[in-house]
Amino acid sequence: MSCGTTGKRPSVDAGKEIYVFKTIGVIGAGQMGHGIAHVSALAGAQVRLLDTAESALDDAMERIADYMAKQAARGQIDKSEIDPALGRIVTGTDYAMLYDCDMVIESATESEVVKREILKTAIQNMLPDAYLSTNTSSISITRLAANTDRPERFCGCHFMNPVPAMPLVELIRGLATTDATFEKFKEFTEALGKTVAVSEDFPGFIVNRILLPMINEAIYTLYEGVGSVSAIDTAMKLGTRHPKGPLELADFIGLDTCLAILSVLHGDLADAKYRPCPLLVKYVEAGWLGVKTGRGFYDYAGDTPRPTR
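Quick caveat, the model's predicted, so the values are computed rather than measured. (Residues numbered from 1 in each chain as written. Predicted model: local features only at pLDDT ≥ 70, side-chain atom pairs only at ≥ 80, totals over all residues. Heavy atoms only, no water.)

### Digging into the domain arrangement of the protein
And step 1. Per the domain assignment, the segments of the protein are domain 1 (23-200) and domain 2 (208-299).
And step 2. In this structure, domain 1 and domain 2 have C-alpha centres spaced 26 Å apart.
And step 3. Each partner contributes to the interface: domain 1 provides nine residues, whereas domain 2 provides six residues.
And step 4. A buried area of about 620 Å², summed over both sides, lies between domain 1 and domain 2, and 52% of it is on carbon and sulfur atoms.
And step 5. Broken down residue by residue, the surface that domain 1 buries against domain 2 is led by Glu 110, Ser 137 and Ser 138, which jointly contribute 49%.
And step 6. Connecting domain 1 to domain 2 are one salt bridge.
And step 7. One salt bridge connects Asp 268 with Arg 143, and the closest N-O pair in it is separated by 3.4 Å.
And step 8. Taken together, the links from domain 1 to domain 2 amount to two residue pairs in polar contact (both at pLDDT 80 or more).
And step 9. Looking at the side of domain 1 that touches domain 2, its residues break down into two nonpolar, five polar and two charged. (Domains from an automatic or database assignment. Contact = heavy atoms within 4.5 Å. Buried area = accessible area lost by both parts, 1.4 Å probe. Salt bridge = Lys/Arg side-chain N within 4 Å of Asp/Glu carboxyl O. Polar contact = N/O pair within 3.5 Å; in protein donor to acceptor, adjacent residues only side chain to side chain. Nonpolar A, V, L, I, M, F, W, Y, C, P; charged D, E, K, R; others polar.)

### A word on the confidence of the model for the protein
And step 1. Of the residues in the protein, 94% have a pLDDT of 70 or more, and the chain-wide mean is 94.
And step 2. A low-confidence stretch, residues 1-7 (pLDDT under 50), is modelled with 27 contacts involving residues beyond four sequence positions or located in other chains.
And step 3. Counted against residues more than four places away or in other chains, residues 13-18, with its pLDDT under 50, gives three contacts. (pLDDT = per-residue confidence, 0-100.)

### Some remarks on the packing of helix α7 (residues 207-223) against helix α8 (residues 229-240)
And step 1. Remark: α7 packs on α8, axes separated minimally by 9 Å, with the N-to-C direction vectors making an angle of 140°. Comparing the axis directions of α7 and α8 gives the class oblique. Crossing of α7 against α8: the hand is right-handed. Residues Met 214, Ala 218, Thr 221 and Leu 222 of α7 lie in contact with α8, whose contacting residues are Val 229, Ile 232 and Met 236. (Axes fitted to C-alpha atoms, helices over the stretch in contact; angles between N-to-C directions. Helix = DSSP H or I, 4+ residues; strand = E, 2+ residues; numbered from the N terminus. Parallel < 35°, antiparallel > 145°, perpendicular 65-115°, else oblique. Left-handed = near helix turned anticlockwise from the far one by under 90°.)

### Let's talk about the pairing of strand β1 (residues 23-27)
And step 1. For β1, the buried fraction is high: five of the five residues fall into the buried class.
And step 2. Every second residue of β1 is oriented toward a common face, with Thr 23, Gly 25 and Ile 27 on one face and Ile 24 and Val 26 on the other, all of them buried.
And step 3. Across five bridges, the pairing between β1 and strand β2 (residues 46-50) is parallel. Across the sheet, residue Val 26 finds its bridge partner in β2, namely Leu 49. (Buried < 20%, exposed > 50% of the residue type's maximum accessible area, 1.4 Å probe, protein only. Pairing = 2+ DSSP bridges.)

### So, the UniProt feature "domain: 3-hydroxyacyl-CoA dehydrogenase NAD binding" (unreviewed entry) in the protein
And step 1. Taking the UniProt record as the reference, the feature "domain: 3-hydroxyacyl-CoA dehydrogenase NAD binding" (unreviewed entry) is found at residues 23-201.
And step 2. Between the first and last C-alpha atoms of residues 23-201 the distance is 27 Å; the span itself is 39% helix and 22% strand. (UniProt positions renumbered as here; feature names shortened; annotations may be inferred.)

### Digging into the nonpolar core
And step 1. Phe 159 and Phe 185 are the most contacted members of the largest nonpolar core, which totals 36 residues.
And step 2. Here this core takes six residues from helix α1 (residues 31-42), the largest share from any one element.
And step 3. When residues no more than four places from it in sequence are discounted, the contact partners of Phe 159 are Met 32, Ile 36, Ile 105, Asn 135, Leu 168, Val 169, Phe 188 and Leu 192.
And step 4. Core analysis: the second largest hydrophobic core is formed by 30 residues, Ala 218, Leu 259, Leu 265 and Leu 279 among them. (Core = buried A, V, L, I, M, F, W, Y, C linked by side-chain atoms within 4.5 Å.)

Written out as structure tokens, the structure is:
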């Protein structure tokens, strides 16, 4: 879930059907949702980007345009691709805009209650034969699918953050997911230029099952006074060649998201080793959620992030 770069993606060939889902809906215009819309539009799909707030949609489109410009400057895409890709994204706040989508992917906050309500509303506005997915990073695909009218057409599709830069997508079958559905989602992710890692439907899947306990242990290390924020992140970057220290990465992910994932791991696996560190809970309660709020384990008010402990 840390930053990375990929090579130049092949341009869309208008005469070749490379996209298994021609029209997709993305519910949630936050960091993950607008990233999914971004890569899908660049790959040639028509995208319906849905959120509850017009301001979130405006911000998402600005971020998409800005990131595409950076990709063009780096030579990762051709500048001529940007305007057509942006033109393939339609934004709105009405679920009715999902009426013609071949596939809809939910990418809202990491809360099972919220996701269930979103999926319940989505299926009321979708074609009967359309496919459904979730970008959850930890919640049971089987449980989410069972609360829809199409569990056999449901698949977990967990992108990494930031979506345009990270080459991995975890695909997770629910108990009812058919082979045909899984193959369609595999084709979908590969059309985006991503590499697929297949995970069983266990809490946290592969990446977060390994990553979040490491981040949690780093927070415990801070909580117990073993090292400062700077010492912990420096040690992990230089001692293990991680591109970001675990506390810096936690801020980037969002401390509320880290807590939500750890809570799923702790609750579903009933293992004390996944118990969220009390310091993480305290930061979230204070509203110190990391980069997105300007303060977490670092203070982002200045030009250079400054440790808060």
